[in-house]
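The chain contents come next:
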Amino acid sequence: PADSQQRKKLTIRSSHDGGRTWSRGRLLDPGGAMYSCLTVLRDGRLGLLYESADAEGLVFVRFSLDWVLEGASLPTVAEGRLETTGKFGWWLERHEQKLQETRAGGVQLAFLGDSITQGWETTGKLAWEKHFGGRRAVNYGFGGDSTQHVLWRLQHGELDGLSPETIILLIGTNNVRHGDFTAEEIAAGIAEILRGLDEKCPNSRVLLLGLLPRGATAADPLRIKCEAVNALLPALADGQRVEYLNANSALLEPNGHLSTKIAPESVFVA
């Protein structure tokens with residue numbers, strides 16, 4: 001904990017001289033945190049188990065060594081969900097399913113994102129069939145994903161060998177909700193995904209969507225942060241291969257409130 005008075009601001013530090021001096025470190029948890037224990041995982045990442053006051057229990061997190069040593073922003077560092085049980089025990093199985101769909105080829109439209117995108121398979125199924133059923137469209141949305149998880153999926157084959165006409169990218173709202181990331185760091189993660197798409201699918205056009213509004217009103221802190229990210233996204237579009245679209249005006253009432261017709265719970269969960 002990087003606080004001399006309280007057990008909070010859990011920070012990961014590194015030393016290059018046997019512990020004589022230490023880096024400024026990476027803030028892992030700004031809240032109450034204590035009794036931490038580090039380990040090295042099978043894939044080379046670091047794992048850390050600690051007690052969290054906010055979570056009211058034990059928390060296990062994973063991060064790359066590069067994030068600590070090179071000062072890389074976590075949203076730009078690829079991270080897979082490699083567990084086979086628990087909340088994301090389904091994640092690797094879905095990744096394998098998407099690899100099979102990719103190998104089948106012929107993809108015209110690729111939708112890439114989190115649960116807002118994955119939701120086209122369930123609650124949005126009829127709309128999907130109406131608008132995209134006549135085209136070879138594949139849903140690469142994974143519930144709970146942040147930019148770092150999309151980067152891992154791109155680096156592990158999900159779009160290998162494809163050349164869709166268009167890739168629709170909507171990602172970043174989970175970075176806003178989970179983690180102490182700045183708008184600049186989140187936008188950097190999105191920019192890293194665009195670079196990955198340029199490498200994997202150089203002939204595909206990309207429609208980059210702005211983050212959807214969170215919270216019931218414009219004063220909601222998460223809404224404010226989403227808009228801060230959106231303010232940075234137009235600079236990532238070149239108007240040719242990458243185009244940017246912010247559709248939030250169609251989702252909000254004139255006073256800025258999130259329409260209950262669009263989101264009955266007044267929040268987009270991703």
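This is a predicted model, so every value here is computed, not measured.

A. View of the pairing of strand β2 (residues 26–40). As defined by bridge partners, strand β1 (residues 8–12) adjoins β2 across four bridges and the pair is classed as antiparallel. Across the sheet, residue Leu10 finds its bridge partner in β2, namely Asp29. Bridging between β2 and strand β3 (residues 46–52) involves six bridges; their strand directions are antiparallel. From the neighbouring strand, Leu38 faces β3, where its bridge partner is Leu48. The antiparallel hairpin formed by β2 and β3 contains five residues in its connecting segment, where Gly44 sits at a positive phi of about 95 degrees.

B. Spatial organisation of unusual backbone geometry. Look at Lys9: it is not a glycine, yet its phi comes out positive at around 60 degrees. Its location among the elements puts Lys9 in strand β1. According to the relative accessible area criterion, Lys9 is partly exposed, its value standing at 36%. Although it is not a glycine, Tyr35 adopts a positive phi angle of roughly 50 degrees. Along the polypeptide, Tyr35 turns up in strand β2.

The rules we used
- Residues numbered from 1 in each chain as written.
- Predicted model: local features only at pLDDT ≥ 70, side-chain atom pairs only at ≥ 80, totals over all residues.
- Heavy atoms only, no water.
- Pairing = 2+ DSSP bridges.
- Helix = DSSP H or I, 4+ residues; strand = E, 2+ residues; numbered from the N terminus.
- Buried < 20%, exposed > 50% of the residue type's maximum accessible area, 1.4 Å probe, protein only.

That's the geometry; what it means functionally is another story.
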